[in-house]
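# Geometric and topological summary
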Amino acid sequence: MRQATKAGAGVTRRSFLGGMSAAGAALAVSGPMRRAAAFAMPQSAAQINAQAPIVDKGFACVRKVSDGVYAVVSDTSKGFDTLCNGGFVVGKDAALLWEGYGSPKGSAFQLETLASVSKAPVKAAINSHFHFDHTLGNSTYAVQRIPIWAHEKVVPEIEERYVPLQNRSKADFFAPAETHLRDAVSEDDKKHAEGDIAALKLLAGMLDSNVIALPNRPLLVSELPMKVDLGGIEVVIEAHPGHTPGDLILRIPAQNIVFAGDLIFNHSYPVTFDGDMASWMKALELFGSYGPKTVFVPGHGQICGVEGVELQQSVFGDLAEHARQMAQLGVGLKEAQARYAVPERYKDLNMFAWGFCVDQAVKQFYEAAKAGKI
Ligand SMILES: [Zn+2]
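So, here is what we can say about the structure in this document. (Residues numbered from 1 in each chain as written. Predicted model: local features only at pLDDT ≥ 70, side-chain atom pairs only at ≥ 80, totals over all residues. Heavy atoms only, no water.)

## Things to note about the coordination of the zinc ion
Reference geometry at the metal: tetrahedral coordination by four donors gives ideal angles of 109.5 degrees; octahedral coordination by six donors gives 90 or 180 degrees. Around the zinc ion, the donor atoms from the protein are His 129 (NE2), His 131 (ND1), His 243 (NE2) and Asp 262 (OD), and they sit 2.1 to 2.2 Å away. Mapped onto the sequence, the donors of the zinc ion take the spacing H-x1-H-x111-H-x18-D. Taken together, the residues span a long stretch of sequence, with His 131 in the loop between strand S7 (122-126) and helix H5 (132-135) and His 243 in the loop between strand S12 (234-239) and strand S13 (248-252) at a distance of 112 residues. On the basis of relative accessible area, His 243 is assigned to the buried category, the value being 1%. (Donors = N, O, S within 2.8 Å, 3.2 Å for Na, K, Ca; no water. Helix = DSSP H or I, 4+ residues; strand = E, 2+ residues; numbered from the N terminus. Buried < 20%, exposed > 50% of the residue type's maximum accessible area, 1.4 Å probe, protein only.)

## Focus: the pattern of salt bridges
Scanning the entire structure with this criterion turns up 12 salt bridges. For Lys 78, the salt bridge is made with Asp 75, and the minimal N-O distance between the two is 3.5 Å. Residue classification places Lys 78 among the exposed residues on the basis of a relative accessible area of 55%. Residue Arg 324 pairs with Glu 321 through a salt bridge whose shortest N-O separation is 2.8 Å. (Salt bridge = Lys/Arg side-chain N within 4 Å of Asp/Glu carboxyl O.)

## A look at the pairing of S13
Within S13, 4 of the 5 residues are buried, which leaves the element mostly enclosed by the surrounding structure. Summarising the sheet, S13 and strand S14 (residues 257-265) pair through 3 bridges and their orientation is antiparallel. Across the sheet, Leu 250 pairs through a bridge with Phe 259, a residue of S14. (Pairing = 2+ DSSP bridges.)

All we've got here are geometric facts, nothing functional implied.
Structure follows, in structure tokens:
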């Protein structure tokens, strides 16, 4: 059955109950947050990460980044409820939520934690982009009538990519990865294909077990960047395509804090499947120009400083160099993708799945090399 719904309409009772466990209790103990007249600048990312989180559920914890700014940091080794990072920003008049997470339980955890630090009304929840791990928990917001904001391309992307797959045969969806497995050219290549199939199964299972609540307030490119005054704290929503065509970031310029969505995968090979590498590298260059004291809340991985941006730039540089060499040697694209080897210096980086992280990046760099652009 087709399960997409506009936010606030048609969300099933089952999804509501599944997502809102314990929310009532958390709401009851909330109190107004006392605010200083001026914001203290945040500590470094390392100092923030060294402090005990304000709450830890295993699958995610919430860290105070600075006055009024909180980050949700996921740990997928302990559960898939949130899957991505997110957070919230609280002023004296209103709060803004960042991300819809991978399930209603994940987004409910964020709402509960917000309620434990502030009674400010929630102005909106923002999806950084359309990916399932950032949007499948939107139904929690929808049933509470919290407006869901996203880049104008997000609803069309969800409708095109996810809605047709829900509770339907996924044979076509799995076919390319299964062909890859059957035609694997090496043991490594076989392992990559198996990893890709496992990732697709995760996505398929999550699509079938959740109700999609679509964002109901598209943010038009023409109205971005958009400033939002929450009362004593101003955030800026900006569009920087790269990871997908509809990426948003949330900046708090006065405190040098950036919620970067999946434009930053800290200490990971980024998922490049829907990416545009040239635009993405421009966004990273921009992040690098924000200054050495900037604190980034990445889409995945620990909170980082500019070193997280630089690590990702160096990973992209390595993928680009590999692709350029392969193109120069006249190696075909498929073989160029299969031949990439993770260098020793990146061995401890995470990777969601090979085909999601390596193949698209190598393809685009390979084509750029062939065209003489890199
Ligand atoms: Zn993503």
